[in-house]
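A structural walkthrough
For reference, the chains in residue letters:
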Amino acid sequence: MTRPEVGKKDAGELLPGEPPTPSIVDVGAAHIEFWPRLIAPALAVLAALLWLFGLHPVAPAQMGSLGLITALSPALLVAYPVLVAAVVVELTSRPPRPRLLAALTALAVLLVYGLQPASEPTARLSVAWLHTGFAHYIADNGHALQGFDARFSWPGFFSLIAFITKASGVPDATLLLQWAPVVLAGLATLGMRALAVVILGNSRAAWLATWLFLLAQWTEQDYFSPQATTYVLMLAAVAVTARYLVNPGLAAPRRPGPRGRLPPANLPRERLAAHALVVLLALALAPSHQLTPFMLAGLLLVMVLTRSLWPGWLPWVVLISALVWFSLGAKDFWQGQLQMVVGDFGNVTSSVDQGVGGRFVGDAGRTAILLVRVGITGAVALLALAGWWIRRRHGFRSWALPLLAIAPFGMVTVQSYGGEVFVRCYLFALPFAAILGAFVLERPFDIRPGAGSATDSLGKVAASWAARVAPAFACAVLSVLGLATVVARGGNDAYTSFSRSDVAATQAAYGLATPGQTISGLTSDALPLGYAQIGVVEQSTIGNNCPDFSRITTCVLTAAPDYLIVTPSQDIYGQIYYGEPPGWSGRLVTDLDASGAYRIIFRQDDSQVLAKAVAAG
Amino acid sequence: VAQPPHGNQLLATIKGSAPVTDSASRRITATALIALTALTAALTAFDMQTTLRLFLTVAFVAVAPGWAAVDYLRISPASLTWITAVASGISLVILIAQVMVWTRWWHPAGALLTLCGLTLAALLHHLVRPNERPNIAVRLSARKDPR
């Protein structure tokens, strides 16, 4: 039987006007093709079973400074390479089945981003709990709290959540916290898939780009937050723009001509609809996040500068809407602290110091996790660079994609973003870097056994060998990236994940505190504080005014909060960041109790609430 | 490296074609979203205190209004349709909620019911509007595509 040749576009969704996937398997060949076609689904089922078999509850106290990886079973870890093998096998088949690939991608989202929600007892990350508190305030009061927190100056996301919870008749959004990363990362993956198909066509490269994105997204910016939601909106805006408003395409082989931008090959009403969609998304982005609308404007501007984007005014509309909100809506934020906003402008050294040097603190485990993150980032950058080089060698001269991948790093010259600037740069660059990197992973799939000159037997042997080994290369790259991302994402879980007793302790403090009183934790990063009583009870952390936790007992007595919450997660935080011995927080509780200034009023497992002697009555 | 099929795409969009299967899938999706919208509206209208209501409201906000609007635009490919539907639905509700916050006219349940009503009307229209038959010339042209 002659193996039919099938175009690359059979690997994905159809764009309008494309012929449907041709039926390449005739009746006689069907039984021959049947069993090999079961390999990918079988591997996917095996991966799911391994993951479920290896999954078990993980308490924060079980983890060391390497985080979640130390508590995971080998069977669960094996699931990731098996799933990657499933997708690579499917991509090597002719033709790949889009629905199966979509199902494999959905399974990967669940396995990668659902690992922590499935294995940890409650929602992780204190900031996610705090965001619930902001939404709770708006739901109860119908307006944002002025002068409280900079994030209230961009209340769009909190208003959305307040709208949903109030309309649903629930007190707050804590029920949504735990699985939010799966939903938000899943939507981002869908956005990436749309962008990849729009830019690359229905090719294997589009699937590989999606998987690169999915398996290299270590930044954990997909928790319950404005940035996760606005990231999805931004990806949608870029994808719509790339689909309807760009000419030539972002992956087009040639640079646009010198005679100005040409309208894309579609109908005026389609372009009008695309404009309206992008403007709608920009209007929603402006009051929702301080960075994302500016990033969208920057990416669109790059498209204008590379002469790809047809409506040259579009980035300015996005930028103006963001600036108008910043000037008027976020006045509460910048009034009196304009120096903080513009102080880092042009100060790259400060951004690098805060974004790289400032983050390399803590013990050896923490450093190892940071190195894993740097490694993933470097690997993606290398793949993108290699992809760009391969395309150059094949005559693709457009600069649009490489510049879109580089442009987000321009943010380093503007803001240090509280030391998170490189995390955000990577996040915004990743979709375009993944598309470039996919060219590297895709190339081996194009090598066919027996390729090469008929007279060149050595060439045929080499091509045959490459065709067999090459998918293994893609499999290895994706597997390593996937496992590294699992390690990196769970790297802080020893203190960013919480037990039910931690939440119960916080709830007990809320139940006891009266308006105007203070509830404190030892550090803001390791306590689910702030999900209620915003603006009613003062909620603070001792660590802000107690460098290195040295003399922590004195710091607590000086700050004198009415209620102090002490949990195992905070104990681990002190061990990792400040080299405190295990159990140091227990000694703090003993000292405070012995001083007579505080007494323990709540204890569940190792989570405790102490009340100031006066507050306790 | 594969490129988007600009030639066919242009012809198809000019002729206004859409695959036959789009109509069937559109009706199935519209039916499912009508059920979601009606259930969300009913639970909200009768103020039923159940956790399910929260998840239904989230699902409604994330998918239904956006899809009801975006399906008129006949966006493709499918992944772009869905991410656009989700993003535009979320954006719409962000703007509605934000306007209510600005004006201090805070009535989320009423606004949600209004949105459910408008969405339901659009979804019912999707259910009954005629099929979009593919243009034969375009299909023939697509088959001749040498790629």
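Let me begin by describing the structure that accompanies this report. Keep in mind that this is a model prediction, so the values were computed, not measured. (Residues numbered from 1 in each chain as written. Chains lettered and ligands numbered in written order. Predicted model: local features only at pLDDT ≥ 70, side-chain atom pairs only at ≥ 80, totals over all residues. Heavy atoms only, no water.)

1. Quick look at the pairing of strand β5 (residues 607–612) of chain A
All names here are of chain A. Buried residues dominate β5, accounting for five of its six residues. As paired strands, strand β3 (residues 563–566) and β5 are joined by four bridges and run antiparallel to one another. Its bridge partner being in β5, I565 is matched across the sheet by V609. Bridging between strand β4 (residues 598–604) and β5 involves six bridges; their strand directions are antiparallel. When the bridges of β5 are listed, F602 appears paired with V609. Hairpin connection of β4 to β5: two residues between the antiparallel strands, including D605 at a positive phi of 55°. (Buried < 20%, exposed > 50% of the residue type's maximum accessible area, 1.4 Å probe, protein only. Helix = DSSP H or I, 4+ residues; strand = E, 2+ residues; numbered from the N terminus. Pairing = 2+ DSSP bridges.)

2. Things to note about the side chain of A:T292
All names here are of chain A. Of note, T292 is situated in helix α13 (residues 292–305). Only 2.7 Å separates the side chain of T292 from the side chain of H289, close enough to count as a polar contact. Beyond its immediate sequence surroundings of up to four residues, T292 is in contact with T230, Y231, M234, L285 and F428. (Polar contact = N/O pair within 3.5 Å; in protein donor to acceptor, adjacent residues only side chain to side chain. Contact = heavy atoms within 4.5 Å.)

3. Overview of the environment of A:V279
Residues and elements named next belong to chain A. In this fold, V279 is placed in helix α12 (residues 268–285). You can call V279 partly exposed: its relative accessible area is 26%. Along the primary structure V279 and F163 are separated by 116 residues, whereas in three dimensions their C-alpha atoms are 22 Å apart. Those residues in contact with V279, other than ones at most four positions away along the chain, are L314 and V317.

4. Overview of helix α7 (residues 156–168) of chain A
Helix length check: α7(A) (13 residues) gives 18 Å between terminal C-alpha atoms against 18 Å at 1.5 Å per residue, within 8%. Among the residues making up α7(A), those that are buried are A:G156, A:F157, A:F158, A:S159, A:L160, A:I161, A:A162, A:F163, A:I164, A:T165, A:A167 and A:S168. (Expected span 1.5 Å × (residues − 1).)

5. Considerations on the packing of helix α6 (residues 126–141) of chain A against α7(A)
All names here are of chain A. Packing of α6 against α7 brings their axes to within 8 Å, and their N-to-C directions diverge by 65°. Considering the relative orientation of α6 and α7, their crossing is right-handed. Only F158, S159, I161, A162, T165 and K166 of α7 make contact with α6, whose side of the interface consists of H131, F134, A135, I138 and A139. Residue classes in the contact of α6 with α7 are distributed as seven nonpolar, three polar and one charged. (Axes fitted to C-alpha atoms, helices over the stretch in contact; angles between N-to-C directions. Left-handed = near helix turned anticlockwise from the far one by under 90°. Nonpolar A, V, L, I, M, F, W, Y, C, P; charged D, E, K, R; others polar.)

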